Amino acid sequence: MIDIEKCRAGAEYICKKTDLRPKIAIILGSGLGELTKQLSSPVKIKYTDIPGFAKCTNKAHEGALYVGKLDGVPAALFSGRYHYYEGHGFDVMGNVIGTMKFAGIEKLVITNAVGAINPAYAIGDFVLIKDHIKLAAESPVRGNGDSELGDRFFDMSDAYSKELREKVKASAEALGESMHEGVYFFASGPQYETPAEIRAFSLLGGDVVGMSCVPEAIAAAYCGIKTVGISCVTNMAAGISKNKLSDADVIDVTKKMSERFKKLIIRIVKDIDAV
Ligand code: HPA
């Protein structure tokens, strides 16, 4: 359940730290935090200083919010995120999104590392998320009901905004980057999946698998924040890959994708700002 008072306090705290009022936020996934270095005159706020925010326990996630301008566009960069596998309920991710909403965010770019289930995808590819599948029972807004942030029952058919996706595709094309469009399958982790699970996820319609994104996308849909998700394929999923999966390899690939990723996100932010 999103704690509305915590979100309000978090947003007030952030707004006191900077006069910029970005309408776009970006959540930076594993190993993708380098984008913060592209911000002009950023204000850095540690997550642990923001009311209602927890500590990031994944070492590839810095745990700090940067507010500044990305190629002239005011943006809030969330360097690091919370995951279910760290022991957090989905509400912790929901609170981050609720805080964004009270701080004035209208559009959200979620980024993450994924394993590819779809054999047509390859390591180093970008995937634009068109939808997701979550079999876990959790919801970040379980218990919220109708509130200032949203309605108890809300539509998820445009959770990954078609309008913004069209923009993102055009941004990628302009940069000569090819991009798949696929379905993100949420896995709770922290263990990677078994080959049998991956075969099942494939039959169910998953193209990529990851341990994040979905709690944030659900909370953003509740709050009426337009969202797009961009995944970096860091490995072929279990059973497809002949190699054993390892976090070190995942981080290594995100680092190698970093330059392309930064260019792509900067362009996307510029293009979706205009929507
Ligand atoms: N499975 C789940 N999460 C991931 C993977 C994977 O193969 N790769 C990167 N994040």
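Here the structure is a predicted model, which is why all the values come from computation and not from measurement. Chains are numbered independently. Their residues run from 1 in the order of the written sequence. Only residues with pLDDT of at least 70 are given local features in this predicted model, and only at 80 or more are side-chain atom pairs given and counted; all residues enter the totals for whole chains, interfaces and linings. Only hydrogens and water are set aside when side-chain values are computed; all heavy atoms of the structure are taken into account.

Caption draft 1: Examining the packing of helix 2 (residues 90–102) against helix 5 (residues 214–223) more closely. At a minimum axis separation of 8 Å, helix 2 and helix 5 run at an interaxial angle of 40°. In terms of orientation, helix 2 and helix 5 fall into the oblique class. Where helix 2 crosses over helix 5, the handedness of that crossing is right-handed. The residues of helix 5 that touch helix 2, namely those facing Phe90, Met93, Gly94, Ile97, Gly98 and Lys101, are Pro215, Glu216, Ala219, Ala220 and Cys223. Lys, Arg, Asp and Glu make up the charged group, whereas Ala, Val, Leu, Ile, Met, Phe, Trp, Tyr, Cys and Pro make up the nonpolar group; the residues left over, Gly among them, are polar. Residues belonging to the contact of helix 2 with helix 5 are distributed by class as follows: seven nonpolar, two polar and two charged. Helix axes are fitted only over the stretch in contact, all axes being lines through C-alpha atoms; the angle between N-to-C directions runs from 0 to 180 degrees. Secondary structure elements follow DSSP: runs of H or I no shorter than four residues count as helices, runs of E no shorter than two count as strands, and numbering proceeds from the N terminus. Oblique is the label for any angle not covered by the other classes, which are roughly parallel (under 35 degrees), roughly antiparallel (over 145) and roughly perpendicular (65 to 115). Handedness of a helix crossing follows the sense of rotation of the near helix relative to the far helix, less than a right angle counterclockwise being left-handed and clockwise being right-handed. Contacts are assigned to residue pairs with any non-hydrogen atoms lying within 4.5 Å of each other.

Caption draft 2: Here's a closer look at the state of the cysteines. Note on disulfides: each one is a pair of cysteine sulfur atoms within 2.5 Å. Across all of its chains, the model carries zero disulfides by this definition. Left without a disulfide partner, Cys56 is nearest to the cysteine sulfur of Cys7, which lies 16 Å away. The buried label goes to any residue with under 20% of its type's maximum accessible area, the exposed label to any with over 50%, and the partly exposed label to all in between, with areas taken from a 1.4 Å probe on protein chains only. Cys56 sits in the buried class, given a relative accessible area of 13%. Note on Cys223: no disulfide assigned, nearest cysteine sulfur contributed by Cys7 at a separation of 7.4 Å. Cys223 sits in the buried class, given a relative accessible area of 2%.

Caption draft 3: A look at the site of the ligand. Nearness here has a simple test: a residue counts as near a molecule or strand if at least one of its heavy atoms is within 4 Å of that partner. All residues adjacent to the ligand are Ala113, Val114, Gly115, Tyr192, Glu193, Val209, Gly210, Met211, Thr234, Asn235, Leu245 and Val250. At a separation of 2.7 Å, a nitrogen atom of the ligand approaches a polar side-chain atom of Asn235. For every accessible area listed, the method is Shrake-Rupley and the probe measures 1.4 Å; residues are considered covered only by the protein chains on display. Contact with the protein chains covers 95% of the free accessible surface of the ligand, which is 260 Å². Where the shell around the ligand is concerned, the elements lending two or more residues are strand 5 (107–116), strand 8 (208–210) and strand 9 (226–236). When residues in the shell around the ligand are grouped by element, the largest group, three residues, is from strand 5. A per-class count over the shell around the ligand returns seven nonpolar, four polar and one charged. Here a polar contact is recorded for every N or O atom pair within 3.5 Å, except that within protein the pair must consist of a potential hydrogen donor and a potential acceptor, and residues adjacent in sequence are included only if both atoms are side-chain atoms.

Caption draft 4: Focus on the side chain of Asn95. Among the structural elements, Asn95 can be located in helix 2. For Asn95, a relative accessible area of 8% gives the class buried. Here Asp3 takes part through its backbone nitrogen, which lies 2.7 Å from a polar atom of the side chain of Asn95. Residue contacts for Asn95: discarding those within four places in its chain leaves Met1, Ile2, Asp3, Lys6, Cys7 and Gly52.

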